[in-house]
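Descriptive structure summary
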Amino acid sequence: MATHRDFLAITDFSTEELIALLDRARRLKSGDDKSKLTGKSLAMIFRKSSTRTRVSFEVAMTQLGGHAIFLSDRDSQIGRGETVSDTAEVLSRYVDGITIRTFAHAEVEELAEHASVPVVNALTDLLHPCQVIADLQTVAEAFGSDHSARKVAWIGDGNNMANSWINAAFRLGFELRLACPAGYDPDPTVVARAQKTGRVLLTRDPAEAAEGADVVTTDVWASMGQEEEMAVRARAFAGYVVDDALMKRADRKAIFLHCLPAHRGEEVMASVIDGPQSRIFDEAENRMHAQKAILLDLMG
Ligand code: CP
Ligand code: NVA
């Protein structure tokens, strides 16, 4: 019954659509694309914390001439147990699009199934597609728009960010080497699909992943919802720190990315994240430009 278009995963867009989306994000940032969503409203369900995603979506809607409504579990009925399907039906009567950040990816799929307006995944335990679109925009700013020529190294947890990078490599054909400790591999279904391209490699060795890379990227060792595992994870991830020695393995012109928030001295040393190769604040800014492109594609 859903006839609208959603953005739940990077793979919801074809290769050509992704390239066009990234180009649009670039033109929105430069001011060459002045498209608007005048009078449109976006409901933003947040069942986990957020700084960047919430603010970048909200400001994006304002700048596009629309409006965003923040709904947290604390003060909306979904937080008191109203069903996802009823929430989807009701919000669809008011707004032109819905973003949701939650735990189970299946909840976002359920919301999209019952909504009659576009649904955008603002992070689940499985995927964080909007972040990786912004990351790809940041990579293009450093190296140009031929993504297939890039080598990307993922160091650390095989989490929602890692899975979305794998989906991006699947669609755009770049080389992606992921170094994750045993027990913390990315989602096997996501990996299996992408490995058909032959350019997604899993290793236990961060040095092997980083060797000659254009982009070195990582994320926290314990994601939202895994806070109580932090001590166990800190032991498992001890050898997976992005430090100056690891950056030296990468290409001389390599950039460092991190979706943020970061823990300096854990997954990344301060000398790297605050150093000359780091692009973390351009990356954070690009969330807004990338999401404008997504919102315009879906709601325009
Ligand atoms: N990177 C990211 O999604 O940040 P927030 O959790 O602050 O939204
Ligand atoms: N992997 C992190 C990303 C935060 C933006 C988490 O899910 O908490």
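As shown above, the structure is provided for reference.
A brief report on the enclosed structure follows. (Residues numbered from 1 in each chain as written. Chains lettered and ligands numbered in written order. Predicted model: local features only at pLDDT ≥ 70, side-chain atom pairs only at ≥ 80, totals over all residues. Heavy atoms only, no water.)

1. Here we look at the site of ligand 2
Contacts to ligand 2 come from Leu123, His128, Asn159, Asn160, Asp219, Ser223, Met224, Cys259 and Leu260. Note that a nitrogen atom of ligand 2 is positioned 2.7 Å from one of the side-chain N or O atoms of Ser223. In this structure, Met224 approaches ligand 2 through a main-chain N or O atom, which is 2.8 Å from an oxygen atom. If ligand 2 stood free it would expose 270 Å²; the protein chains cover 94% of that surface. Among the residues making up the shell around ligand 2, the classes are represented as four nonpolar, four polar and one charged. (Near = heavy atom within 4 Å. Polar contact = N/O pair within 3.5 Å; in protein donor to acceptor, adjacent residues only side chain to side chain. Areas by Shrake-Rupley, 256 points an atom, 1.4 Å probe, with all protein chains shown as cover. Nonpolar A, V, L, I, M, F, W, Y, C, P; charged D, E, K, R; others polar.)

2. Quick word on the packing of helix H5 (residues 129-143) against helix H6 (residues 160-172)
For the pair H5 and H6, the least separation of the axes is 9 Å and the interaxial angle reads 55 degrees. Relative to H6, H5 is oriented oblique. The hand of the H5/H6 crossing is right-handed. Contacts from Pro129, Gln131, Val132, Asp135, Leu136 and Val139 of H5 reach H6 at Met161, Ser164, Trp165, Ala168 and Leu172. (Axes fitted to C-alpha atoms, helices over the stretch in contact; angles between N-to-C directions. Helix = DSSP H or I, 4+ residues; strand = E, 2+ residues; numbered from the N terminus. Parallel < 35°, antiparallel > 145°, perpendicular 65-115°, else oblique. Left-handed = near helix turned anticlockwise from the far one by under 90°. Contact = heavy atoms within 4.5 Å.)

3. Focus: the sheet that holds strand S4 (residues 119-121)
Taken in spatial order, the four strands of this open sheet run S2-S1-S3-S4, and their pairing is parallel. Each edge of the sheet is formed by a strand with only one pairing partner; in this case those strands are strand S2 (67-72) and S4. Geometrically, the sheet is characterised by an average inter-axis angle of 20 degrees between neighbouring strands, direction not taken into account. In the packing of helix H2 (residues 52-63) onto the sheet, the strands contacted are strand S1 (41-46), S2, strand S3 (97-101) and S4, and the crossing angle to S1 comes to about 175 degrees. (Pairing = 2+ DSSP bridges.)

4. Re the packing of aromatic side chains
The description of an aromatic ring pair uses the distance of the two centres, along with the angle that the planes make with each other. If you walk through the whole model with that rule in mind, you get six aromatic pairs. Relative to Phe237, the ring of Tyr184 lies with its centre 4.8 Å away and its plane at 50 degrees, an arrangement referred to as tilted. One end of the pair, Tyr184, is in the loop between strand S6 (175-179) and helix H7 (188-194); the other, Phe237, is in the loop between helix H9 (230-236) and helix H10 (244-249), and 53 residues separate them in sequence. The residues Tyr184 and Phe237 share a single accessibility class, namely buried. A ring pair is formed by Phe237 and Tyr240, whose centres lie 6.4 Å apart and whose planes are at 80 degrees; its orientation type is edge-to-face. On the basis of relative accessible area, Phe237 is assigned to the buried category, the value being 0%. Classification of Tyr240 by relative accessible area gives buried; the value is 8%. Chaining the aromatic ring pairs together yields one cluster made of Tyr184, Trp221, Phe237 and Tyr240. The ring of Phe13 is capped by Arg5, whose NZ or CZ atom sits 4.5 Å from the centre of that ring. Sitting over the ring of Phe103, Lys48 keeps its end group 4.7 Å from the ring centre. (Phe/Tyr/Trp six-rings, centres within 6.5 Å; stacked < 30°, edge-to-face > 60°. Buried < 20%, exposed > 50% of the residue type's maximum accessible area, 1.4 Å probe, protein only. Lys NZ or Arg CZ within 6 Å of the ring centre and 35° of its normal.)

5. What about the side chain of Thr218?
On the secondary structure map, Thr218 appears in strand S8 (residues 215-218). Looking at Thr218, the relative accessible area reads 1%, which means it is buried. Looking at Thr218, its side chain comes within polar contact range of the main-chain oxygen of Ile155, at 2.6 Å. Apart from the residues lying within four places of it in its own chain, the contact partners of Thr218 are Trp154, Ile155, Val242, Phe256, Leu257, His258, Cys259, Glu267 and Val268.

6. Notes on the sheet that holds strand S5 (residues 151-155)
Read across the sheet, five strands follow the order S7-S6-S5-S8-S9 without closing on themselves; strand pairing throughout is parallel. Where the open sheet ends on each side, the last strands, each with one partner, are strand S7 (200-203) and strand S9 (255-258). The mean angle between the axes of side-by-side strands here comes to 20 degrees, regardless of whether they run parallel or antiparallel. Relative to S7, S6 is paired through four bridges, and the arrangement is parallel. What sits directly across from Leu176, in S7, is Val200. Packing against the sheet, H5 makes contact with S8 and S9, and its axis sits at approximately 165 degrees to S9.

7. Topic: the site of ligand 1
As a structural note, the neighbourhood of ligand 1 is formed by Ser50, Thr51, Arg52, Thr53, Arg101, His128, Gln131, Cys259, Leu260 and Arg287. At 2.9 Å from a nitrogen atom of ligand 1 is found a main-chain nitrogen or oxygen belonging to Cys259. Its free accessible area being 250 Å², ligand 1 has 95% of it covered by the protein chains. Looking at the shell around ligand 1 residue by residue, the classes come out as two nonpolar, five polar and three charged.

8. Describing the pattern of salt bridges
Side chains that differ in charge, positive against negative, can pair when their charged atoms come close. Inspection of every chain in the model, using the stated rule, returns 19 salt bridges. The residue Arg199 makes a salt bridge to Glu175 at a minimum N-O spacing of 3.6 Å. Note that Arg199 is positioned in the loop between H7 and S7 and Glu175 in strand S6, a separation of 24 residues in sequence. Judged by relative accessible area, Arg199 falls into the partly exposed class, the value being 30%. Ionic contacts of the salt-bridge type, sharing partners, join the residues Asp23, Arg24, Arg26, Arg27, Asp33 and Asp297 into one network. (Salt bridge = Lys/Arg side-chain N within 4 Å of Asp/Glu carboxyl O.)

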